[in-house]
Number of protein chains: 2
Amino acid sequence: MFPIGQFSKMTRLSVKALRHYHDLGLLAPDKIDPDSGYRYYKTSSLERARVIVSLKDLGFPLEEIGTILADCREDTDLLQFLETRHQDLETRLAELQARKHALEGLISTARQSREQVRLRMDEVVEKDLDPMLFAGVRMKGGYGEIGKAFSRVGRKAGFKIAGKPLGLFYDEGYRETDADFEGGFPLRKPIDDEVVDCRELEGGHAVSLIHNGPYSDCGPTYQALLTHIAEKGYTPQSPSREVYLKGPGMIFKGNPARYITEIQLLVE
Amino acid sequence: MFPIGQFSKMTRLSVKALRHYHDLGLLAPDKIDPDSGYRYYKTSSLERARVIVSLKDLGFPLEEIGTILADCREDTDLLQFLETRHQDLETRLAELQARKHALEGLISTARQSREQVRLRMDEVVEKDLDPMLFAGVRMKGGYGEIGKAFSRVGRKAGFKIAGKPLGLFYDEGYRETDADFEGGFPLRKPIDDEVVDCRELEGGHAVSLIHNGPYSDCGPTYQALLTHIAEKGYTPQSPSREVYLKGPGMIFKGNPARYITEIQLLVE
DNA sequence: GCTAAGACCTCCCGTAAGGGGAGAGTCAAT
DNA sequence: ATTGACTCTCCCCTTACGGGAGGTCTTAGC
């Protein structure tokens, strides 16, 4: 017969836990001194304690452990319980995995946004764009809706995202409503999905200009690009691209006056 | 200005939750009627609510959401928080995965034990054993220690376990202490581990006898086997094998009087 | 003006599995 | 007899709210 402290060491259950199990009727002491109220445990109770610990390690709630101890004598009796537990676990795991992917997507984009952009501003630049793997969602509506596309792709692609959010605009000019555009991300690896369209985006020669400030006043920036194109005798290709070097995040919107957008037009 | 019920629908947060966030100072109403105590929210608070929901979905505790809301203005500010959260998640996931493997191991052995053994008892049988993939832990000590080997292999091999626990006994005769033996399981797929030895176990012609009851009285069963071998003029090979068709489980010990063990001796 | 419905308020209790600590009693050895 | 280590009960605390009691407020209809 051991007092609770000793039994605690033998079972690696805390004294508090042992008292708690006593309250629940899960593991009653073998004797209680009527005068002092001291709990005393026999060696034979070690076996029951061991079973409790095993079941606890498997994630069973104490109450269920109680019914298991009452009903089961052999491992085979446990099968139903084990299978239910396994199901629960699969569900929990799937949730956590989803959460993990979401986190990884956020981290990857946040990391890239942190790398400060040091680019010539307010000056048209010509560059050659490489083809890239891209996943996007195309939609019609107001430009403000593009955030939905990003978050949808973000959820699916998670840590496969390889760069900043990219917008593709298929209309000829500016459209207040019912615009035709696509939002998405460059990817490291292709994904297969029903909603998200994953494909190779063509490269080529392009003119590019960095726009500072809210999206609403990017009209002049487009004008500057088109002027440059006209001077050079190029022909602009559709869709135009906007790279959101710094824009509203997935969580915080940030300050629109500090948004930085690179506008790219492929030319011939 | 919307009363709490309306705001609740707009944010998809329960009224109780909104009141709770008010208590925590996480999302205070924009106005409180001094007479009635009614909470009223502005449209501009929707944004803050949205951020809270997003962070909650990522698994942040409310208190941390509070500090995030106080400190962060843009997604990049979140990076540290996101990374910490990701770490936590990895840890939790690893735990759950381990738990899942343990469960799968238990389920697989319990399923097999459930299939009732219908075998000729108390009668020596000759059979040809197939080679099998086996993972075991070899040890010296009392026979009672073999359970440790099983649980160790069980934890590592999980759902790759393909059959009942198997004991290999390398000593010539019975040994009270300091016996040399190995406990393990047949596997479906090989595993690579430092502690667990995984290899092909040879097959061959064998004599076999089913033993009923506790391990302590398996002496006569061995005697019967050896007698049979002598009659036939065979030579027994080492190690002898014991297949624990029904024995103490991983969780419950069950009743030793109902244990069923098949003893196998490879012969030449 | 009266009443009823529905929305809202505060306050309290409960969750799972104990942990922390207060204040008091007990055990074993010196 | 006195320490010091152990143990007892009782109460509060943790997360993120949910349930419910009992009371107040607003609004619509008569």
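This one's a predicted model, so the numbers in the text were calculated from it and none came from an experiment.

## A closer look at the overall build of chain A
Then, number 1: A count of helices and strands for chain A gives seven helices and eleven strands.
Then, number 2: Taking 268 residues into account, the globule formula puts the C-alpha radius of gyration at 18 Å, and chain A, at 31 Å, lies well above it.
Then, number 3: Within chain A, the fraction of its 268 residues that count as buried is 43%.
Then, number 4: Excluding contacts between residues fewer than 6 apart, the proportion of contacts in chain A whose partners are at least 24 apart in sequence is 70%.
Then, number 5: Total accessible area computed for chain A in this model is approximately 14,400 Å², and 49% of it derives from carbon and sulfur atoms.
Then, number 6: Taking the 37 positively charged and 41 negatively charged side chains of chain A as two groups, their mean positions are separated by 8 Å.

## Concerning the protein's contact with DNA strand D
Then, number 1: Around DNA strand D, the surrounding shell holds 18 residues, and the nearest of these are Gly 5 and Arg 19 of chain A together with Ser 14, Lys 16 and Tyr 21 of chain B.
Then, number 2: The backbone of Gly 5 of chain A places a nitrogen or oxygen atom 2.8 Å from a phosphate oxygen of DNA strand D.
Then, number 3: The contact in question runs from a phosphate oxygen of DNA strand D to an N or O atom on the side chain of Ser 14 of chain B, over 2.8 Å.
Then, number 4: Elements that contribute at least two residues to the surface near DNA strand D include exactly helix H1 (4-11) of chain A together with helix H2 (15-24) of chain B.
Then, number 5: Looking at which element gives the most residues to the surface near DNA strand D, the answer is H2 of chain B, with four residues.

## Concerning the pattern of salt bridges
Then, number 1: With the rule as written, the count across this model stands at 28 salt bridges over all chains.
Then, number 2: Between Lys 246 of chain A and Glu 74 of chain B there is a salt bridge; the shortest N-O distance is 3.4 Å. Linking Lys 246 of chain A in strand S10 (residues 240-246) with Glu 74 of chain B in the loop between helix H4 (62-71) and helix H5 (79-114), this pair reaches from one chain into another.
Then, number 3: Residue Glu 74 of chain B is classed as buried on the basis of its relative accessible area, which comes to 13%.
Then, number 4: Across the salt bridge formed by Glu 262 of chain B and Lys 127 of chain B, the nearest N and O atoms sit 2.6 Å from each other.

## Points about unusual backbone geometry
Residue and element names in this part refer to chain A.
Then, number 1: Put simply, Ser 238 and Pro 239 share a cis peptide bond, and its omega is -5 degrees.
Then, number 2: With respect to the helices, strands and loops of the structure, Pro 239 is situated in the loop between helix H7 (219-232) and S10.
Then, number 3: With a phi close to 60 degrees, Arg 12 is a non-glycine residue in the positive phi region.
Then, number 4: With respect to the element layout, Arg 12 can be found in the loop between H1 and helix H2 (15-24).
Then, number 5: Judged by its relative accessible area of 80%, Arg 12 is exposed.
Then, number 6: Even without glycine at this site, Asp 178 takes up a positive phi of about 60 degrees.
Then, number 7: Residue class for Asp 178 comes out partly exposed when judged on its relative accessible area of 47%.

## Observations concerning the relation of the copies chain A and chain B
Then, number 1: Mapping chain A onto chain B calls for a screw motion: a turn of 180 degrees about the axis and a shift of 0.0 Å along it, with 0.3 Å RMSD after fitting. Taken together, these values place the two copies in the relation of a two-fold axis. Ranked by how close their C-alpha atoms come to the rotation axis, the residues of chain A are headed by Leu 93 of chain A, at 3.6 Å.
Then, number 2: Interface overlap between copies: 100% of the residues of chain A at the interface are likewise at the interface in chain B, consistent with a symmetric, same-surface contact.

## Describing the sheet that holds strand S1 (residues 2-3) of chain A
Residues and elements named next belong to chain A.
Then, number 1: Strand order across the open sheet formed by three strands is S1-S3-S2, with antiparallel pairing between neighbours. At either end of the open sheet lies a strand with only one pairing partner, and these are S1 and strand S2 (31-32).
Then, number 2: Judged from the two bridges that link them, S1 and strand S3 (residues 39-41) form a sheet pairing that is antiparallel. Following the sheet pairing, Pro 3 is matched in S3 by Tyr 40.

## Focus on the protein's contact with DNA strand C
Then, number 1: Around DNA strand C, the structure places 18 residues, and the nearest of them are Lys 16, Tyr 21 and Tyr 38 of chain A together with Arg 19 and Arg 39 of chain B.
Then, number 2: The contact in question runs from a base oxygen of DNA strand C to an N or O atom on the side chain of Lys 16 of chain A, over 2.8 Å.
Then, number 3: In the environment of DNA strand C, a phosphate oxygen lies 3.3 Å from a nitrogen or oxygen atom belonging to the backbone of Leu 62 of chain A.
Then, number 4: Those elements that provide at least two residues to the surface near DNA strand C are H2 of chain A together with helix H1 (4-11) of chain B.
Then, number 5: Considering every element that reaches the surface near DNA strand C, the biggest residue donor is H2 of chain A, with four residues.

## Examining the domain arrangement of chain A
Then, number 1: Assigned domains of chain A: these are domain 1 (2-71) and domain 2 (125-266).
Then, number 2: The C-alpha-based centres of domain 1 of chain A and domain 2 of chain A are spaced at 63 Å.

## Concerning the packing of helix H5 (residues 79-114) of chain A against H5 of chain B
Then, number 1: Orientation of H5 of chain A relative to H5 of chain B, taken along the N-to-C sense of each, is 155 degrees, at an axis distance of 8 Å. In this view, H5 of chain A runs roughly antiparallel relative to H5 of chain B, as classed from their interaxial angle. For the pair H5 of chain A and H5 of chain B, the sense of crossing is left-handed.
Then, number 2: Classifying every residue of the contact of H5 of chain A with H5 of chain B by side-chain character gives 18 nonpolar, four polar and 18 charged.

Definitions and cut-offs
- Residues numbered from 1 in each chain as written.
- Chains lettered and ligands numbered in written order.
- Predicted model: local features only at pLDDT ≥ 70, side-chain atom pairs only at ≥ 80, totals over all residues.
- Heavy atoms only, no water.
- Helix = DSSP H or I, 4+ residues; strand = E, 2+ residues; numbered from the N terminus.
- Rg over C-alpha atoms; globule rule 2.2 N^0.38 Å.
- Buried < 20%, exposed > 50% of the residue type's maximum accessible area, 1.4 Å probe, protein only.
- Contact = heavy atoms within 4.5 Å.
- Areas by Shrake-Rupley, 256 points an atom, 1.4 Å probe, with all protein chains shown as cover.
- Lys, Arg positive; Asp, Glu negative; His and termini not counted.
- Charge placed at Lys NZ, Arg CZ, Asp CG, Glu CD.
- Near = heavy atom within 4 Å.
- Polar contact = N/O pair within 3.5 Å; in protein donor to acceptor, adjacent residues only side chain to side chain.
- Salt bridge = Lys/Arg side-chain N within 4 Å of Asp/Glu carboxyl O.
- Least-squares fit on C-alpha atoms with pLDDT ≥ 70 in both.
- Pairing = 2+ DSSP bridges.
- Domains from an automatic or database assignment.
- Axes fitted to C-alpha atoms, helices over the stretch in contact; angles between N-to-C directions.
- Parallel < 35°, antiparallel > 145°, perpendicular 65-115°, else oblique.
- Left-handed = near helix turned anticlockwise from the far one by under 90°.
- Nonpolar A, V, L, I, M, F, W, Y, C, P; charged D, E, K, R; others polar.

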